[in-house]
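Listed here are the chains, written in short residue letters.
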Amino acid sequence: MKYCVRCLQADTRPGIFFNGEGVCPACIYHESLRTVDWDERKKELADVVAFGRANNHSGYDCIIVKDVLKMNPLLVSLGYPPEQVSQRGVDNVSNMIRHGFDCITINPGPDTWRTLMRRGFFEYTNWCRSTELALFSSVPRLAIAYQIPLIWWGENPALQLGDMNVLGKTGSDGNSLRKMNTLGGGDNGWLLREGIRANQILQYCYPPEAEMEEANLRITFLGYFWKDWSLVDNGNFSALRGLDVRTDRPWEIGDTHGITSLDEDWVTLNQMIKYLKFGFGRVSDYVNEDIRNGRISRDEGIALNEKYDGTCADKYIESFCAFIGITVNDFWKHVDKAVNPVLFAKDGLGKYKPKFKVGVGL
């Protein structure tokens, strides 16, 4: 395990590579922003907006973006079952609607949702595998159905996180999202076992490339056009406009800012599992961004990672286990099999000590 020499990006992130000087793609991209011709990029943005308006067949120019670009967007929200969604999540969707947006909520069948969540946990030690498929797939499926030509996505995972599998033809091209680690290469055969039928997983299946091309559908990364795009700035912007953020303590959620995963609580434990697999969790993403933007030093980032990355309160593990019908002991017995023995030493069931030093590696 090695770290970027500038930030604390680990080379265990799927799809990443460092250059010959040990610098990660996100730091390379951030450095390049100093020489970007922003007037030229603004013209590129205008071309994307023009594409959305010229191919508007439904009354909606795009999915998301309203005030700055003056487009007519449709918001798409993937709804969770009642046992999973938080009141905070419900309130935040209501807040968006109060701002004047049209919003469609997609709610996959709860029994199928629970079955696939349990299957993802036991087959991949990743309960989010099926729900993330639904999250990423339902938006382009709806865009095709409603003849909406343009989807605005947030940050480019290749340039701003380092998942180079997603890199498209340009920095704003998001049509390679299907190649990201989350979507697992598009093979959804594992979803169909044990009585699950094809018509029950439509929202979990990313549209084929041919279908998207026929619909002339374009996915564009909005963060590519924003010089100061960041998780923290986006969170501050939204909180000032009514977003209800987390008040949990950082060690309860492995999150130092409380501005992500607001609509449910179990992503917290999935980030913990990711940490035990790869040696980094959500705090690493915050810290890396803050280091690049000069908010904190690399040493300050190391201290935050060591203190909070991969932490999770027992109450979230307990509620998740109750939902999929297992005991906490069953949970840890299974997670134990997925813990990376190269990175962690086991000190009893559910207790693991890193062999690596943050910022240094193994």
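For the structure itself, consult the block above.
Treat the numbers as computed from the prediction; the structure is a model and nothing was measured.

J.: What is the right way to look at the packing of aromatic side chains in this model?
T.: How two aromatic rings sit relative to each other is set out by the distance from centre to centre and by the angle between their planes. Applying the stated criterion across every chain yields a total of 19 aromatic pairs. Between Phe-344 and Phe-356, the aromatic rings sit 5.5 Å apart at their centres with planes inclined by 85 degrees, giving edge-to-face as the arrangement. Here Phe-356 lies in the segment after strand 6 (352-354) and Phe-344 lies in strand 5 (residues 344-346), a separation of twelve residues in the sequence. Here the two residues Phe-344 and Phe-356 agree in accessibility, since each one is buried. Chaining the aromatic ring pairs together yields one cluster made of Phe-121, Phe-122, Trp-127, Trp-266, Phe-320, Phe-323, Phe-331, Trp-332 and Tyr-352. A cation over an aromatic ring shows up here: Arg-41 above the ring of Trp-38, its NZ or CZ 5.0 Å from the ring centre. One residue, Arg-241, lies across the ring of Phe-237, its end atom 3.6 Å from the ring centre.

J.: Whenever I open this one, helix 10 (residues 267-278) confuses me. Can you help?
T.: The periodicity of an α-helix, 3.6 residues per turn, causes residues three or four places apart in sequence to face the same way. Taking 1.5 Å of rise per residue, the twelve residues of helix 10 would be expected to cover 16 Å, and the 16 Å separating its terminal C-alpha atoms lies within 8% of that figure. What helix 10 keeps buried is the set Val-267, Thr-268, Leu-269, Asn-270, Gln-271, Met-272, Ile-273, Lys-274, Tyr-275, Leu-276 and Lys-277. Looking one or two places after helix 10, you find Gly-279, whose phi comes out positive at around 85 degrees.

J.: Looking at this model, I keep getting lost on the state of the cysteines. Mind explaining?
T.: Two cysteines whose sulfur atoms are joined by a covalent bond form what is called a disulfide. Taken as a whole, this structure holds zero disulfides when the rule is applied. Looking at the unpaired Cys-27, the closest cysteine sulfur is the one in Cys-7, lying at 3.6 Å. Here Cys-103 is not cross-linked by a disulfide; its sulfur's nearest cysteine counterpart is in Cys-62, at 14 Å. Look at Cys-103 and you get partly exposed, because its relative accessible area is 26%.

J.: Where do I start with the packing of helix 4 (residues 110-124) against helix 5 (residues 128-145) in this structure?
T.: Helices that pack against each other are described as a pair by the angle of their axes relative to one another and the distance between those axes. Put simply, helix 4 and helix 5 touch, their axes get as near as 6 Å, and they point 125 degrees apart. On the basis of their axis angle, the class for helix 4 and helix 5 is oblique. Of the residues in helix 5, those in contact with Trp-113, Leu-116, Met-117 and Tyr-124 of helix 4 are Arg-129, Ser-130, Thr-131 and Ala-134. Of the residues in the contact of helix 4 with helix 5, the class split is five nonpolar, two polar and one charged.

J.: Would you mind going over the side chain of Glu-264 with me for this structure?
T.: As for its placement among the helices and strands, Glu-264 is situated in the loop between helix 9 (250-253) and helix 10. Summary of buried charges: Glu-264 has no salt-bridge partner, and the nearest side chain of opposite charge, Arg-246, is 5.8 Å away. A distance of 3.0 Å separates a polar side-chain atom of Glu-264 from the backbone nitrogen of Trp-266. A distance of 2.9 Å separates the side chain of Glu-264 from the backbone nitrogen of Val-267, its partner in a polar contact. Each residue touching Glu-264, except ones within four places of it in the same chain, is listed here: Tyr-80, Gln-84, Ser-86, Trp-127 and Arg-246.

Rules of the game
Residues numbered from 1 in each chain as written. Predicted model: local features only at pLDDT ≥ 70, side-chain atom pairs only at ≥ 80, totals over all residues. Heavy atoms only, no water. Phe/Tyr/Trp six-rings, centres within 6.5 Å; stacked < 30°, edge-to-face > 60°. Helix = DSSP H or I, 4+ residues; strand = E, 2+ residues; numbered from the N terminus. Buried < 20%, exposed > 50% of the residue type's maximum accessible area, 1.4 Å probe, protein only. Lys NZ or Arg CZ within 6 Å of the ring centre and 35° of its normal. Expected span 1.5 Å × (residues − 1). Disulfide = S-S within 2.5 Å. Axes fitted to C-alpha atoms, helices over the stretch in contact; angles between N-to-C directions. Parallel < 35°, antiparallel > 145°, perpendicular 65-115°, else oblique. Contact = heavy atoms within 4.5 Å. Nonpolar A, V, L, I, M, F, W, Y, C, P; charged D, E, K, R; others polar. Lys, Arg positive; Asp, Glu negative; His and termini not counted. Salt bridge = Lys/Arg side-chain N within 4 Å of Asp/Glu carboxyl O. Polar contact = N/O pair within 3.5 Å; in protein donor to acceptor, adjacent residues only side chain to side chain.

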